[in-house]
Amino acid sequence: MRILLAALLLSAGCASAQKRPGAEAASGAAAARAEGPVGDAAALSPLSDSAIPKGECGMVLWTLDEDRPAPIFRYVVGKDADLVIDGKPTRLVRGDFTGSGGFGVAERQTFANDAGLSVTVEARFSLGFDGGNYLERGIISVETAGGWKTVVPAAGIAGCRS
């Protein structure tokens, strides 16, 4: 049984690592980059500063990068959201939000900037802790002005820092 399970996991890993024409295989924060005349998919990189400032509320989401958690998204309530896209720090303004929430964060939120970048963040509230909640089953969808879309799994926290 263990050998069968190992073989299935190995074959699934190999299948997901195959290159598609015009794209590099990638996972986690190193998102697939498509080549073409229209534009490229967004490659997300870890944030250099992911902390919620003292006295503020917000959310931080992580994904796995080379099998280690890496913070890739931060939103401070009443301020902009932060991402690093293609190696460049990017700020986004929150637009619509729906679903249950707390600490100024909702289960589904959209963000955008003037360059035509659109980001949708979805995550479920989970266990609570003093000053916050864990976020699980998160998805960050980044759509470029050229129409390319990158989807990254994420988990994190929402809360307030005293």
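Below you will find a few notes about this structure. For clarity, every value in this text was computed on a predicted model and none was experimentally measured.

About the thresholds
Residues numbered from 1 in each chain as written. Predicted model: local features only at pLDDT ≥ 70, side-chain atom pairs only at ≥ 80, totals over all residues. Heavy atoms only, no water. Salt bridge = Lys/Arg side-chain N within 4 Å of Asp/Glu carboxyl O. Helix = DSSP H or I, 4+ residues; strand = E, 2+ residues; numbered from the N terminus. Buried < 20%, exposed > 50% of the residue type's maximum accessible area, 1.4 Å probe, protein only. Disulfide = S-S within 2.5 Å. Phe/Tyr/Trp six-rings, centres within 6.5 Å; stacked < 30°, edge-to-face > 60°. Lys NZ or Arg CZ within 6 Å of the ring centre and 35° of its normal. Core = buried A, V, L, I, M, F, W, Y, C linked by side-chain atoms within 4.5 Å. Pairing = 2+ DSSP bridges.

1. Quick look at the pattern of salt bridges
Move 1: The tally for this structure, following the rule as stated, stands at six salt bridges.
Move 2: Here Arg74 ties to Asp49 by a salt bridge, and the two come within 3.8 Å at their closest N and O atoms. On the criterion of sequence distance, the pair formed by Arg74 in strand E3 (residues 68–76) and Asp49 in the loop between strand E1 (44–45) and strand E2 (57–65) is long-range, its members being 25 residues apart.
Move 3: We note a salt bridge from Arg108 to Glu122, for which the minimum N-O separation is 2.7 Å. Pair noted here: Arg108 is in strand E6 (residues 105–112) and Glu122 is in strand E7 (residues 118–129), with a separation of 14 residues, a long-range link.
Move 4: Take Arg108: its relative accessible area is 37%, and that puts it in the partly exposed class.
Move 5: Connected through salt bridges with shared partners, the residues Asp49, Arg74, Asp80, Asp82 and Arg91 form a single ionic network.

2. With respect to the state of the cysteines
Move 1: A full pass over the atoms with the stated rule returns one disulfide.
Move 2: The disulfide that involves Cys57 links it to Cys160, with 1.8 Å between the sulfurs. Measuring the twist about the S-S bond at about 100°, one finds the Cys57-Cys160 disulfide to be right-handed. Taken together, the positions of Cys57 in strand E2 and Cys160 in strand E9 (residues 149–160) put the pair 103 residues apart, joining distant regions of the chain.

3. A closer look at the packing of aromatic side chains
Move 1: Across all of its chains, the model carries three aromatic pairs by this definition.
Move 2: Here the aromatic rings of Phe73 and Phe111 are separated by 5.3 Å at their centres, their planes lie at 65°, and the arrangement is edge-to-face. Of the two residues, Phe73 is situated in strand E3 and Phe111 in strand E6; the sequence distance between them amounts to 38 residues. Taken individually, Phe73 and Phe111 each receive the classification buried, so the pair is uniform in this respect.
Move 3: Look at Phe129 and Tyr134: their rings are 4.9 Å apart centre to centre, the planes differ by 55°, and that puts the pair in the tilted class.
Move 4: Its relative accessible area of 42% is what places Tyr134 among the partly exposed residues.
Move 5: Site record: aromatic cluster; members linked through ring pairs are Phe73, Tyr75 and Phe111.
Move 6: If you follow Arg94 out to its NZ or CZ, it ends over the ring of Phe97, 4.0 Å from the centre.

4. Focus: the nonpolar core
When a protein is soluble and globular, its nonpolar side chains tend to lie buried together.
Move 1: One finds Met59, Phe73, Val119 and Ile140 to be the most contacted residues of the largest nonpolar core, which totals 23 residues.
Move 2: Broken down by secondary-structure element, the contributors of at least two residues to this core are E2, E3, strand E4 (81–85), E6, E7, strand E8 (132–143) and E9.

5. Quick notes on the pairing of E8
For a regular strand, side-chain orientation follows a simple rule: the groups alternate between the two sheet faces.
Move 1: Where E7 meets E8, nine bridges bridge the pair, whose relative direction is antiparallel. Bridge pairing in E8 places Phe129 opposite Gly132.
Move 2: In this structure, the hairpin formed by E7 and E8 is closed by a connection of two residues, where Gly131 is found at a positive phi of approximately 95°.
Move 3: The pairing of E8 with E9 spans 10 bridges and is antiparallel. Its bridge partner being in E9, Ser141 is matched across the sheet by Val151.

The analysis is restricted to geometry; functional conclusions fall outside its scope.
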